[in-house]
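The residues making up each chain are set out below.
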Amino acid sequence: MAVAIALVLLIVGSILFHFLSPWYFTPIASNWGAMDDTISLTFWVTGFVFVSVNLFLAYCVIRYRHRKGSRAKYEPENKKLEWWLTGFTTVGVVAMLAPGLFVWAKFVHPPQEAAVVEAVGAQWHWRFRFPGSDGKLGTVDARHVSEKNPFGLNPADPNGQDDVLVSSPEVHLPVGKPVKLLLRSIDVLHDFAVPQFRAKMDLVPGLVTFIWFTPTRTGKFDLLCNELCGVAHYAMRGKVVVEEEPAFQAWLKGHPTFAQTSARPAGDAAAGQPLFAVCAACHGLEAQGNAALNAPKLSGQEAWYLQRQLKNYKQGARGVHEKDVFGQMMAPMAATLGDDAAIANVVAYINTLPDQPAPTTVKGNAKTGQKTYVTCEACHGPGGRGIYSTNAPGLHGMSDWYLVTQLKNFKHGIRGAHPNDLYGPQMALISTILPDDQAINDLVAYINTLK
Ligand code: CUA
């Protein structure tokens, strides 16, 4: 009897959990309602089987329980019953799978009018490319990939010159317009998934796969990589902003074409030297850093990283958090740089300064820190020199006290939480591997020992 009651409780509990659970689909934001329907159908079919099989089991436990003197009858074959069971199972399986085939047929046939956009995945971030005014994407090849050409566009292809490059993990799309995303990976398997769109698709190195959908409501949605692609897989996130057409067009206009990025002049160190006078007051004449003034070392740091941070400060994506006291001091300094050219120039000047390792000030257990650094190494490199393609700045030889402050800031949501800080959130996610201040000191102590 107890077993029969347990079985009935299992059924009631499962049904209640299914209908009352708060863990269910996020409200849908695309045309793929049919996917939800097929999943609901699967729940109905499997739910019906689950309930009837368990009820039958409970019935048998009671009906055929042990009684003194009664014997079971051996009946190995029952043709009629087998026909019934085979028939029921067939109907159930067909009901469950056939509708999915119709949805799949739609899924692999994007509408003719769908706008073509490219999403490029790499360990561990996203980039996007829109065809320019000619409506055609230029050809690409891994051989062309470089710091100046991260998409690997073919410089000789005229179709690629007006392609609009979005070098950040945030993409905007117009609401109500079907879009066909061409998916390309430049290293390993990734997967493009926005839970609210339901549809998702793998990115396969060497292939161009695709996914299509029509965003049906405006909003900001998380873009997740749904394929285990290395240590920072969980931090490979982006944003899809769905908005009205005019807002989308304005956003798109704010991004450079391939021709514009390739024509961008390199920074002019001579023009940057007078601009650096403001910086030198705190960071030192050779940008060697000054702990007393909370100014980190800048010399020897990657140019793209310095430029990105200066822009973040200038645009209010950094140095605005109320607890970021030193960042707040830096923000008005960055504002003295008039435009992108001025930023490029001052960074070019910093790159001409001698790169002497900063004095080490942090005490910690380097041996313990070494174990943690295995994760950092994936992006920042074995020597901590920084790697452009993984958006990782140089760490070794930089001001160690500054690394400690920044790791704490990332961990406590002081840095990397601003919606316009497009690359900070990844580091904020990674910083959660550091349980406490001691772990941070140990890690930085190890970074100090790198060669
Ligand atoms: Cu890319 Cu997981």
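Refer to the structure printed above.
Since the structure is predicted, the reported quantities are computational estimates derived from the model, not experimental observations. (Residues numbered from 1 in each chain as written. Predicted model: local features only at pLDDT ≥ 70, side-chain atom pairs only at ≥ 80, totals over all residues. Heavy atoms only, no water.)

Draft legend 1. Unusual backbone geometry, seen in detail. With an omega of -5°, the peptide bond between Q123 and W124 qualifies as cis. With respect to the helices and strands, W124 occurs in the loop between β1 (115-122) and β2 (125-130). A positive phi angle is found at N294, which is not glycine, with a value near 55°. Assignment of secondary structure puts N294 in the loop between α6 (269-283) and α7 (303-314). Among the residues examined, N294 registers a relative accessible area of 28% and is labelled partly exposed. (Helix = DSSP H or I, 4+ residues; strand = E, 2+ residues; numbered from the N terminus. Buried < 20%, exposed > 50% of the residue type's maximum accessible area, 1.4 Å probe, protein only.)

Draft legend 2. Geometry of the state of the cysteines. In total, this model carries zero disulfides according to the counting rule given. For C282, which is in no disulfide, the shortest distance to another cysteine sulfur is to C279 and amounts to 9.2 Å. (Disulfide = S-S within 2.5 Å.)

Draft legend 3. The arrangement of the sheet that holds strand β6 (residues 190-193) in detail. In space, the five strands of this open sheet follow the order β4-β10-β9-β6-β7, with mixed pairing throughout. Two strands lie at the open edges of the sheet, namely β4 (170-174) and β7 (200-203), each paired on one side alone. With direction set aside, neighbouring strand axes in the sheet form an average angle of 25°. Note: β6 against strand β9 (residues 219-225), two bridges, orientation antiparallel. (Pairing = 2+ DSSP bridges. Axes fitted to C-alpha atoms, helices over the stretch in contact; angles between N-to-C directions.)

Draft legend 4. Main features of a nonpolar patch on the surface. Among the surface-exposed residues, V8, V12, I15, L16, F19, L20, W44 and L55 lie close enough to one another that they form a single nonpolar patch of about 830 Å² accessible area. Where the nonpolar patch is concerned, the elements lending two or more residues are α1 (2-20) and α2 (33-63). Its location among the elements puts I15 in helix α1. (Patch = residues over 30% accessible without salt bridge, like charges linked within 9 Å, V, L, I, M, F, W, Y side chains within 5 Å. Areas by Shrake-Rupley, 256 points an atom, 1.4 Å probe, with all protein chains shown as cover. Salt bridge = Lys/Arg side-chain N within 4 Å of Asp/Glu carboxyl O.)

Draft legend 5. Fine view of the packing of α7 against helix α8 (residues 325-334). Running from amino to carboxyl end, α7 crosses α8 at an angle of 95°, the nearest separation of the two axes being 8 Å. One way to sum up the angle between α7 and α8 is to call them roughly perpendicular. Together, L310, Y313 and K314 of α7 and G327, M330, A331 and A334 of α8 make up the contact between the two elements. For the contact of α7 with α8, the residue count by class is five nonpolar, one polar and one charged. (Parallel < 35°, antiparallel > 145°, perpendicular 65-115°, else oblique. Contact = heavy atoms within 4.5 Å. Nonpolar A, V, L, I, M, F, W, Y, C, P; charged D, E, K, R; others polar.)

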